[in-house]
Amino acid sequence: MPDSNEYKPPHVVIVDRDIAIRNALTFALEMAGFTVESHPDGAALPPHCDWPVRTCLIVSYELVGTNGLELLKALRRRKVTAPAILIITNPTRRHRAAAAADGILIVEKPLLNEDLEKAVRHAVGPSGSHRPGRAGRPRPSIGHVFRSLADQTAPESFSRPQDQSMSRRSLA
């Protein structure tokens, strides 16, 4: 019989059309102690979305055939109540208003610091910060994973500000 007090890490569901982004987010979030599944679009999501109670959705705004806000609205109509984070570049007032109306957090791209991980931990609640067995074990941050990815894939002429923050507002 399973122990009901057994620690179960928060679960993250990523929806992003870019496989490199999905892989980088999966790696970084798993290193942060989350269980992760990723999908290229809404059509690839399981029909019943039978996820654990402590699940957080991370959805890119730019999807094939729709956008992240529309996908999240469709999931809400299917009674998916998991907290959601929209990752988007340069959100407009319209994006922010639509996200706020549906209780969706926005984290701006590029993902260069800890804001996404902080947003996930905030979304799943205070017990999401406990990571048993991780003490003293170094782990790369999400920002570090994306900087490494950019350094490996960027052409020689590519330059990026070293002190650039990924969002205009930081989650506390």
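Use the structure listed above.
A. Looking closely at the sheet that holds strand β7 (residues 105–108). Strand order across the open sheet formed by five strands is β2-β1-β3-β6-β7, with parallel pairing between neighbours. A strand with exactly one partner marks an edge of an open sheet, and here the two such strands are β2 (35–39) and β7. Strand after strand, the sheet turns through a mean of 20 degrees between neighbouring axes, direction not considered. Alignment of strand β6 (residues 84–88) against β7, held across four bridges, turns out to be parallel. For I88, the partnering residue across the bridge sits in β7 and is E108. Against the sheet, helix α1 (residues 19–31) touches β1 (11–15), β2, β3 (55–60) and β6, its axis set at about 170 degrees to β2. The sheet contacts of helix α2 (residues 68–77) involve β1, β3 and β6, and relative to β3 the element is tilted by about 145 degrees.

B. Main features of the pattern of salt bridges. Scanning the entire structure with this criterion turns up three salt bridges. In this structure, R96 and E108 form a salt bridge, with 2.7 Å as the shortest nitrogen-oxygen distance. On the criterion of sequence distance, the pair formed by R96 in helix α3 (residues 93–101) and E108 in strand β7 is long-range, its members being twelve residues apart. On the basis of relative accessible area, E108 is assigned to the buried category, the value being 6%. One salt bridge in this structure joins R121 and E117, with 3.3 Å as the shortest N-O distance. Of this pair, R121 and E117 both sit in helix α4 (residues 115–124), four residues apart, which is roughly one turn of the helix. The residues R121 and E117 share a single accessibility class, namely buried.

So, how was this worked out
Residues numbered from 1 in each chain as written. Predicted model: local features only at pLDDT ≥ 70, side-chain atom pairs only at ≥ 80, totals over all residues. Heavy atoms only, no water. Pairing = 2+ DSSP bridges. Helix = DSSP H or I, 4+ residues; strand = E, 2+ residues; numbered from the N terminus. Axes fitted to C-alpha atoms, helices over the stretch in contact; angles between N-to-C directions. Contact = heavy atoms within 4.5 Å. Salt bridge = Lys/Arg side-chain N within 4 Å of Asp/Glu carboxyl O. Buried < 20%, exposed > 50% of the residue type's maximum accessible area, 1.4 Å probe, protein only.

Any functional reading would require information that these geometric values do not contain.
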